[in-house]
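Reading the structure
Listed below are the residues making up each chain.
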Amino acid sequence: MALSKHVNPEHLIRTSHDKKPHYHGLSQVNMNEVQHTYGSRYGTNPVPKYKIASKGISAASAYQIIHDELSLDGSPVLNLASFVHTWMPPEADKLFNENVSKNLIDTDEYPATQALHTRCISILADLWHAPSAKNAIGTATTGSSEAIQLGGLAMKKIWQAKRKAAGKSIHEPGPNIVMGANAQVALEKFARYFEVECRLVPVSVESHYRLDPSKVMEYVDENTIGVYVILGSTYTGHYEPVKEISDLLDEYEAKTGNYVPIHVDAASGGFVAPFATPKLLWDFKLPRVVSINTSGHKFGLAYVGVGWVIWRDKAHLPKELIFELHYLGSVEYSFSLNFSRPAAPIIVQYFNLIHLGFEGYRAVALDDLRNARLLSRALEASKYYTVLSDIHRKVAGPSESRTTNEDDIELYHPGLPVVSFRFSDEFKEKYPDVQQRWIQTLLRAKGWIVPNYELPPNLEQVEILRVVVRENMTEVLVDQLVADLMEVTESLVHAGAPSQHSSNVLDKVGQKRSKVEQHAGSLENGSGNVSSGTYARTC
């Protein structure tokens, strides 16, 4: 019997079940049901996957079934692909669980929760040097994606008002927004969803894989509603030069009279730069910066589900974006895209702010950067890899002679604790048959989740591996990661050129874990619009 070219796992399971004595259409076992051994212990029937069961099961059985299925997920601790924080102290867990049922929008019912929300906004406004923390305005969001939409909408509305006041059209040729081609997909979403032309500035090795200040002004004109500047590129962790771009826009306004504001996407850097490199100019100290967003669930060290957007003052948040709501017996004001939202992530964000304080956040940021430097140096010392991130490289100049303490953060290029790396040119020349994407697959077999993907447009021929060094990425884990990286790299080298068959297997296994169930309600390949090349992956 010839071996089949493709084995359908659904068919295998369906045909391998015990046959019933009176097997018929109403009682046949199928893959639309979940059968568990717990069914015998708890006296439950198979659970339908894609429709609600006529009868429920006990809470204990439901918990165990779901708990066991979720064990197939990767370990959050070893997930080095994500910026999202995964651990909080037990006291924060307790607060989270105590308040998990609260809805932030119910301000009249939960006034103390709303007070904590307001305090967080004031603390961030002060941290980011708003002219007056009392006059700054902001809101919690579900994350930076929503915050970016709000920051862009405010700039668009202000541009429209100025055009109308000048008797100019807001439709022809229409608004545009400028950002680097390294922008995270949320920035491009704003442009597409709210009908703003997206002008992507190409990045290069010379621009450090980020928005290029030498080219950005080529994309700015009188219809530019603003420039998105990213404090921490998701590709390599580089900070974009906010001060330099602000100076260029100052010169442009002096020549043309056209005012172009800056929104800083500090999704990750908003909770790193103020603590690790407080001398860096990037925030509301620059008058052209009108709004800033950050993710509390990244380096804000809170659980997932909280972001923030702050405007330097009320003048930069148009009134037409603020809704007055007469709801549940009180008057409320809303300028978020979501209405209901969980209050627990905001509460544990406030917990962090008062628990850690400036010194605590600084200690975490410096430790993350120290471990990222350790990983970067080890990778380059191996000669197998070249590191694209710069946080381990010293800034040239007098700062180098000021101190012999290599732990001094001022010696190094500022950036996120992110290590982006690729095979070195020497390695690729010596072992041309070894594909970098196989490293991702082999590391996953050891539990590590390290993504391999292409750089932005103009550099898409370059693939990188990326590690985000979060608080729980300790030196012990860095040591083990380096050991595993060396082992899998050398195993590929010593194995020689793999056969076409084995290389195809490695490629396919690395693409996505196979699913034994139908793709009910999911999007298939080709369902979305053609990619522009910006970073459209999980961040």
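As the structure is a prediction and not an experimental result, all values here were calculated from the model.

Quick look at the confidence of the model for the chain now. With 82% of its residues at a pLDDT of 70 or more, the chain shows a mean pLDDT of 89. Note on residues 535-539: pLDDT is under 50 here. Beyond four places in sequence and across chains, it has 16 contacts.

Let us now look at the pairing of strand S13 (residues 418-423). Counted residue by residue, S13 has 6 buried out of 6 residues, so it is predominantly covered. Pairing between strand S12 (residues 385-387) and S13: 3 bridges, direction antiparallel. Note that in S13 the partner of Thr 386 across the bridge is Arg 422. Judged from the 4 bridges that link them, S13 and strand S15 (residues 463-468) form a sheet pairing that is antiparallel. For Val 419, the partnering residue across the bridge sits in S15 and is Val 467.

Looking now at the sheet that holds S13. Strand-to-strand pairing in sheets goes through backbone hydrogen bonds, with the strands running parallel or antiparallel. Taken in spatial order, the 4 strands make up an open sheet running S12-S13-S15-S14, and their pairing is antiparallel. Among the strands making up the open sheet, the edge pair consists of S12 and strand S14 (452-454). In this sheet, neighbouring strand axes are inclined to one another by 40° on average, regardless of whether the strands run parallel or antiparallel. The strands that helix H14 (residues 475-495) touches are S12, S13 and S15; relative to S12, the one it contacts most, it runs at about 135°.

Below, the discussion takes up helix H6 (residues 144-165). Taking 1.5 Å per residue as the helical rise, H6 with its 22 residues ought to reach 32 Å, and the 32 Å between its terminal C-alpha atoms agrees with that figure. Once H6 ends, the next one or two residues include Gly 167, with phi positive near 75°.

For Ser 334, the location among the structural elements is in strand S11 (residues 330-334). On the basis of relative accessibility, which here comes to 9%, the residue Ser 334 falls in the buried class. Apart from the residues within four sequence positions on either side, Ser 334 is in contact with Leu 321, Ile 322, Phe 323 and Leu 325.

Here 7 strands make up an open sheet; going across it, the order is S3-S9-S8-S7-S6-S4-S5 and the pairing mixed. Two strands in the sheet have a free side with no partner beyond their single neighbour: strand S3 (137-141) and strand S5 (197-201). Across the sheet, the mean angle from the axis of one strand to that of its neighbour is 20°, orientation sign disregarded. The pairing of strand S8 (residues 289-295) with strand S9 (residues 307-311) spans 5 bridges and is antiparallel.

Counted according to the given criterion, the structure contains 3 cavities of 30 Å³ or more. Size it by volume and the largest cavity reaches roughly 40 Å³. Every residue along the wall of the largest cavity is listed here: Phe 271, Val 272, Phe 299, Leu 301, Tyr 361, Val 364, Ala 365 and Asp 368. Of the residues that constitute the lining of the largest cavity, the class distribution is 7 nonpolar, no polar and 1 charged.

What follows is about the environment of Thr 234. As for its placement among the helices and strands, Thr 234 is situated in the loop between strand S6 (224-230) and helix H8 (242-256). Given the relative accessible area of 8%, Thr 234 is considered buried. In sequence terms Thr 234 and Phe 83 are 151 residues apart; their C-alpha atoms lie 8.9 Å from each other.

Below, the discussion takes up the environment of Ser 132. Here Ser 132 lies in the loop between helix H5 (111-127) and S3. Considered as a pair, Ser 132 and Ser 122 are 10 residues apart in the sequence and their alpha carbons are 9.2 Å apart.

Let's shift gears to the pattern of salt bridges. By the definition in use, this model includes 19 salt bridges. Across the pair Asp 247 and Lys 243 runs a salt bridge, and its minimum N-O distance is 2.8 Å. In this pair, Asp 247 and Lys 243 both sit in helix H8, 4 residues apart, roughly one turn of the helix. When its relative accessible area of 30% is taken as the criterion, Asp 247 is described as partly exposed. Using a relative accessible area of 33% as the deciding quantity, one classes Lys 243 as partly exposed. Between Asp 367 and Arg 370 there is a salt bridge, and its shortest N-O distance comes to 3.0 Å.

As a further point, take the pairing of strand S7 (residues 262-265). The two faces of the sheet receive side chains in turn, since in a regular strand these alternate between them. Alternating positions in S7 separate into two faces, Ile 262 and Val 264 on one and His 263 and Asp 265 on the other, with burial throughout. Here S6 pairs with S7 via 4 bridges, running parallel. Following the sheet pairing, Val 227 is matched in S7 by Ile 262. Once you follow S6 into H8 and on to S7, the crossover reads as right-handed. By the bridge criterion, 4 bridges tie S7 to S8 in an arrangement that is parallel. Considered in S8, the bridge of Val 264 is made with Ile 292.

It is worth spelling out the packing of aromatic side chains at this point. Counting across every chain of the model gives 15 aromatic pairs. Plain terms: the ring middles of Phe 423 and Phe 427 are 4.4 Å apart, the flat faces sit at 35° to each other, and that makes the pair tilted. The burial state of Phe 423 is the same as that of Phe 427; both residues are buried. In textbook terms, an aromatic cluster arises when at least three aromatic residues are bridged by ring pairs, as seen for Tyr 384, Tyr 385, Phe 421, Phe 423, Phe 427 and Tyr 431. Lying across the ring of Tyr 412, Arg 373 places its NZ or CZ 4.4 Å from the centre.

One way to put it is that H6 packs onto helix H7 (residues 185-193) with a least axis distance of 9 Å and a crossing angle of 45°. By the angle between their axes, H6 is oblique relative to H7. Our pair here, H6 against H7, has a crossing hand that is right-handed. Between H6, through Ser 145, Ile 148, Gln 149, Gly 152 and Leu 153, and H7, the contact on the second element is made entirely by Ala 186, Leu 187, Lys 189 and Phe 190. A class-by-class count of the residues in the contact of H6 with H7 yields 5 nonpolar, 3 polar and 1 charged.

The rules behind these values
Residues numbered from 1 in each chain as written. Predicted model: local features only at pLDDT ≥ 70, side-chain atom pairs only at ≥ 80, totals over all residues. Heavy atoms only, no water. pLDDT = per-residue confidence, 0-100. Contact = heavy atoms within 4.5 Å. Buried < 20%, exposed > 50% of the residue type's maximum accessible area, 1.4 Å probe, protein only. Helix = DSSP H or I, 4+ residues; strand = E, 2+ residues; numbered from the N terminus. Pairing = 2+ DSSP bridges. Axes fitted to C-alpha atoms, helices over the stretch in contact; angles between N-to-C directions. Expected span 1.5 Å × (residues − 1). 1 Å grid on protein atoms, 1.4 Å probe; cavity = no way out; pocket = protein on both sides within 12 Å on 5 of 7 lines; lining within 4 Å. Points joined across faces, edges and corners; volume = space filled by probe spheres on them. Nonpolar A, V, L, I, M, F, W, Y, C, P; charged D, E, K, R; others polar. Salt bridge = Lys/Arg side-chain N within 4 Å of Asp/Glu carboxyl O. Right-handed = clockwise from strand over helix to strand, strands pointing away. Phe/Tyr/Trp six-rings, centres within 6.5 Å; stacked < 30°, edge-to-face > 60°. Lys NZ or Arg CZ within 6 Å of the ring centre and 35° of its normal. Parallel < 35°, antiparallel > 145°, perpendicular 65-115°, else oblique. Left-handed = near helix turned anticlockwise from the far one by under 90°.

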